[in-house]
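Structure at a glance
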Amino acid sequence: MSQFTFQYVLIQNQEVYVMFSKLKITKIAGYFATATLIVACGGGGSNTADTAQAGPNSPTAGNGGDDGSADRADPDPSSVPDYSSLKTSTPSEKGLRKVSSATEFELFLKNGLRLSVSASGSRYGAGGGLLSAIDNGQPLAAEVADNGGNSGSFSATNVQEQGVDEGDIVKYDGSNLFVYKPSSYQESFETATLRILSTDPSNASSELKSELELPGSNAYIQEMYLVKENGSTGSIATIGGIYNYYFDTFDVAASLSSVDVSYGGAFNSSVTVGFYDVSDTSNPSKLQQLELEGSLQTSRKIGNTLYLVSRYSPQIEGLVYYGASDAQKIENEDIISNTPIANLLPKFSRDGSPPQPLVAPENCLVPEGSDSTSGYLNIVTVTAIDLSSQTIVDSSCMNSPIDGIYVSPNNIFMGATLWEQDVISTGETTTVTVTNYSQKTNIHQISLNSTGVEYQATGVVDGTLGWDKPHFRMSEHNGDLRMVTTDRTDFNNPDHKLHILRKNGVKISGLNF
């Protein structure tokens, strides 16, 4: 009798389908980064173990499906690429640095791809997901938003920082309500609409002025911003997303039994910014739409400049991510090596026009200490959009993990968790003993100015921001960043710490009291 044993590793927002023999387990949501099959057959059967994410040098790698490679001669083992020296880039206490050239940034991205097709990584980029509190395009934290609290005799949407607008699906300018109504798939299959209602506060009444359809396949609106012109609302900027999906299958074969494992999820999503003329509330019209490759992490509006933080994970068609044979590993390397860097960077387009580069690779940032063996697949971009001209002013990128985002009127602060531990191995077994475990957080400061966005400095503090609305743990006052972190070295007795940080050159240092 065969015995099947699986190891489950959490992947956010995934749907995994598993089939072995004639038994099918469907829709195991949120699990499966690694599937290990152990087959124990009587009568001299094999006791081998095949790993679905076997690395390129593993003798137990699966065949990656029937592509005819089993009929070919085995390749020379020396020609199989060896990725054992590669390592996932991690946040550095020393901060970020600008790459020396586009070629260097290309190497980091391609090393991230190499790690993602080996046992060391995952489909979303070596070392796991970016922006730990989110995945697959979902916001970093639930946000509420608009133009800075009380404005005259009416209330606007709640915001964290006065003067820093946040998005919402309901907006009010004192005279008109602007409401996003999502598509309905229950009975009537209604298309999403933008509804405009005039209000009469004296009678506590409202009247529907117009309703504009917002069509779009696989698209939805996450939030809206009002754009003022001469003191009144002239247009609306909507922020949404378009999500594409993959569905892959790989085989794990051992002895007389096999397992087909399929997994699905969103990839190569796009952030859409739609502009609508609402100067005549009875006759709103669409002006244009920008589309940026990547998934939205958060947004803010300061004055008439919109700041988008998004994440992009390069995907290359033809790569075999799991259970690759030696021949497929060689082919993977050939595909990665020959892919131009332009195909690995996010692009943007306007109203369906040909895509243009969103970032310049030679200007991107990587963690200090990164070298030719470092790799990280995900790219974080900060894009500034002038809402008056409806054009992109600037866009910067970094190739580093991020955990929390906070925006003040002058800066964006991004946190990155540093996990430090001293480990003693017990030999060839998988058991380890942690002798010292500590948690720290990097804070990157990015300034916001009339010319765009610019990296300024990095600091480090003890503790972490946590995953639940980390931006509420940070606040800037008179140029100093105040933040609260939590150290859970002793999980039952968390230690909360208040830090006050000030920029000093390229460092953000704590103040002494």
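Structure first, text after, so check above.
Residues numbered from 1 in each chain as written. Predicted model: local features only at pLDDT ≥ 70, side-chain atom pairs only at ≥ 80, totals over all residues. Heavy atoms only, no water.

**Digging into the overall build of the chain**
Going by this rule: The secondary structure listing takes helices from DSSP runs of H or I that are at least 4 residues long and strands from runs of E that are at least 2 residues long, numbered from the N terminus. When accessible area is computed with a 1.4 Å probe and restricted to protein chains, residues below 20% of their type maximum are described as buried, those above 50% as exposed, and intermediate ones as partly exposed. Between two residues, a contact is recorded if the distance between any of their heavy atoms is within 4.5 Å. In this description, accessible areas are obtained by the Shrake-Rupley approach with a 1.4 Å probe, and a residue is regarded as covered only by the protein chains that are shown.
Within the chain one finds two helices and 32 strands. Taking all 513 residues of the chain together, 49% fall into the buried category. Counted over contacts in the chain with a minimum sequence separation of 6, partners at least 24 positions apart contribute 58%. Accessible area of the chain: about 23700 Å², with a carbon and sulfur share of 49%.

**Re the nonpolar core**
The condition that has to hold: Only buried residues count toward a nonpolar core, which is a set of Ala, Val, Leu, Ile, Met, Phe, Trp, Tyr and Cys residues joined through side-chain atoms within 4.5 Å.
Counting residues in each nonpolar core, the largest one holds 41 residues, and the members touching the most others are Phe105, Leu113, Leu306, Leu308, Leu319 and Ile385. Only α1 (102-116), β13 (219-229), β14 (232-254), β15 (257-277), β16 (285-293), β18 (305-312), α2 (326-338) and β23 (379-386) provide two or more residues apiece to this core. Here this core takes five residues from α1, the largest share from any one element. Not counting the four nearest positions on each side in its chain, Leu319 is found in contact with Leu113, Val117, Asn332, Ile335 and Ile336. Counting 18 residues, the second largest nonpolar core, distinct from the first, contains Val309, Ile405, Ile412 and Val453.

**A closer look at the environment of Glu190**
Structurally, Glu190 can be placed in the loop between β10 (176-181) and β11 (193-200). For the pair Glu190 and Glu213, spaced 23 residues apart in sequence, the C-alpha to C-alpha distance is 9.5 Å. Once you skip the residues sitting within four places of it in the chain, Glu190 turns out to touch Lys181, Ser183 and Ser184.

**Brief notes about the packing of aromatic side chains**
Let me state the cut-off plainly: Ring pairs shown here join Phe, Tyr and Trp side chains whose ring centres sit within 6.5 Å, with only the six-membered ring taken for Trp; geometry is labelled stacked below 30 degrees between planes, edge-to-face above 60, and tilted in between.
A complete count under the given rule lists one aromatic pair for this structure. Relative to Phe413, the ring of Tyr406 has its centre 6.1 Å away and its plane inclined at 20°; by these criteria the two rings are stacked.

**Brief notes about the pattern of salt bridges**
To keep it simple, the criterion reads: Salt bridges, as used here, are contacts in which a Lys or Arg side-chain nitrogen is within 4 Å of a carboxyl oxygen on Asp or Glu.
Per the stated rule, a full pass over the model turns up 10 salt bridges. Here Glu106 and Lys110 are joined by a salt bridge, their closest N and O atoms 2.8 Å apart. Taken together, the positions of Glu106 and Lys110, both in helix α1 and four residues apart, correspond to about one turn of that helix. For Arg195, the salt bridge is made with Glu211, and the minimal N-O distance between the two is 3.6 Å. Here the residue Arg195 occupies a position in strand β11, and Glu211 occupies one in strand β12 (residues 205-213), the gap between them amounting to 16 residues. You can call Glu211 partly exposed: its relative accessible area is 39%.

**Focus on the side chain of Ser395**
Applied cut-off: In the analysis that follows, any N or O atom pair within 3.5 Å is treated as a polar contact, provided that within protein one partner can donate a hydrogen and the other can accept it, and provided that, for residues neighboring in sequence, both atoms belong to side chains.
Of note, Ser395 is situated in strand β24 (residues 391-398). Under the relative-accessibility criterion, Ser395 is labelled buried at 14%. A distance of 2.9 Å separates a polar atom in the side chain of Ser395 from a polar atom in the side chain of Thr383. Those residues in contact with Ser395 that lie beyond four places of it in its chain are Leu358, Val359, Thr381, Val382 and Thr383.

**With respect to the environment of Cys397**
Residue position: Cys397 is located in strand β24. With relative accessibility at 4%, the residue Cys397 sits in the buried group. Between the C-alpha atoms of Cys397 and Asn363, which are 34 residues apart in sequence, the distance is 7.6 Å. Residues in contact with Cys397, not counting those within four places in the same chain, are Phe105, Val359, Cys364, Leu365, Ile379, Val380 and Thr381.

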